[in-house]
Amino acid sequence: MGELYIAPDGRPRCAWAGAAPEFLDYHDREWGFPVKDDQRLFEKVCLESFQSGLSWRTILNKRENFRAGFDGFDFEKMAGYGEEDVERLLADAGIIRHRGKIEAVINNAKRAKEMVVEEGSLAKFFWSREPDPETLGTPHTLTTSPESVAISKELKKRGWKFVGPTTIFAFMQAMGLINDHDLGCVIREECEEARKSFVRP
């Protein structure tokens, strides 16, 4: 277990929760809690793709701008985006204006639509690949796992882009497929309880 952050309420959190003012709320309310809403899952894959090479703080601070620019990450709508939308997004100073990443998430929206037809939902695809908690290492010691490698390979095989093993592992941490809160973090138990009551798709 690494150093913990003692939050203003006097209780310990994962160290990264204290690295920026906006992190604590995200850490306490979102990170590690299980999600099965397809739109939220798709949003997180997209945001992790945009984060590649950047800090999560940058992405988190721009998240509402991303949501506005990408129709709330409604992949049904995004799948219909054309070159005009790419140019519109490249002109949007509120997001990360990286053509390759913008084109990748538009491509991934099309692949997500296909996955819903093939798998039933994005949630079914991802949660059917949930790791056994017994196989996970000490929290915050890994940046990839056999499951994130396998999911990355499968997504790439299906035509997804910017979905490397590290990106997918970060997605799994955030969406509750694993509970990677530090052992001494007070939110760890909350996430564990949420995972116990979570109905897998």
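Look above for the structure.
Residues numbered from 1 in each chain as written. Predicted model: local features only at pLDDT ≥ 70, side-chain atom pairs only at ≥ 80, totals over all residues. Heavy atoms only, no water.

Asker: Provide a residue-level description of unusual backbone geometry, including the pertinent values.
Answerer: Within the chain, D71 stands out as a residue other than glycine whose phi angle is a positive 50°. Mapped onto the secondary structure, D71 falls in the loop between α4 (63-69) and α5 (75-78). According to the relative accessible area criterion, D71 is partly exposed, its value standing at 34%. Even without being a glycine, F73 presents a positive backbone phi close to 60°. F73 sits in the buried class, given a relative accessible area of 0%. (Helix = DSSP H or I, 4+ residues; strand = E, 2+ residues; numbered from the N terminus. Buried < 20%, exposed > 50% of the residue type's maximum accessible area, 1.4 Å probe, protein only.)

Asker: Let's hear about the pattern of salt bridges: which residues, and what values?
Answerer: Scanning the model with the defined rule gives 21 salt bridges in all. Between E22 and R57 there is a salt bridge, with its nearest N and O atoms 2.9 Å apart. Linking E22 in the loop between β2 (12-14) and α1 (23-29) with R57 in helix α3 (residues 56-61), this pair joins segments that are 35 residues apart in sequence. Residues joined by salt bridges that share partners form a network here, namely D9, R11, R13 and D28. (Salt bridge = Lys/Arg side-chain N within 4 Å of Asp/Glu carboxyl O.)

Asker: Describe in detail the packing of aromatic side chains, supporting the description with residues and values.
Answerer: Going through the model one piece at a time under the given rule, you end up with 13 aromatic pairs. Both rings, one in W16 and one in W31, keep their centres 5.1 Å apart while their planes meet at 75°; by these two values the pair is edge-to-face. On the criterion of sequence distance, the pair formed by W16 in the loop between β2 and α1 and W31 in the loop between α1 and α2 (38-51) is long-range, its members being 15 residues apart. When the ring centre of Y81 is taken as origin, the NZ or CZ atom of R88, which lies over that ring, is 5.4 Å away. (Phe/Tyr/Trp six-rings, centres within 6.5 Å; stacked < 30°, edge-to-face > 60°. Lys NZ or Arg CZ within 6 Å of the ring centre and 35° of its normal.)

So, to be careful, I would describe these as geometric facts and stop short of saying anything about function.
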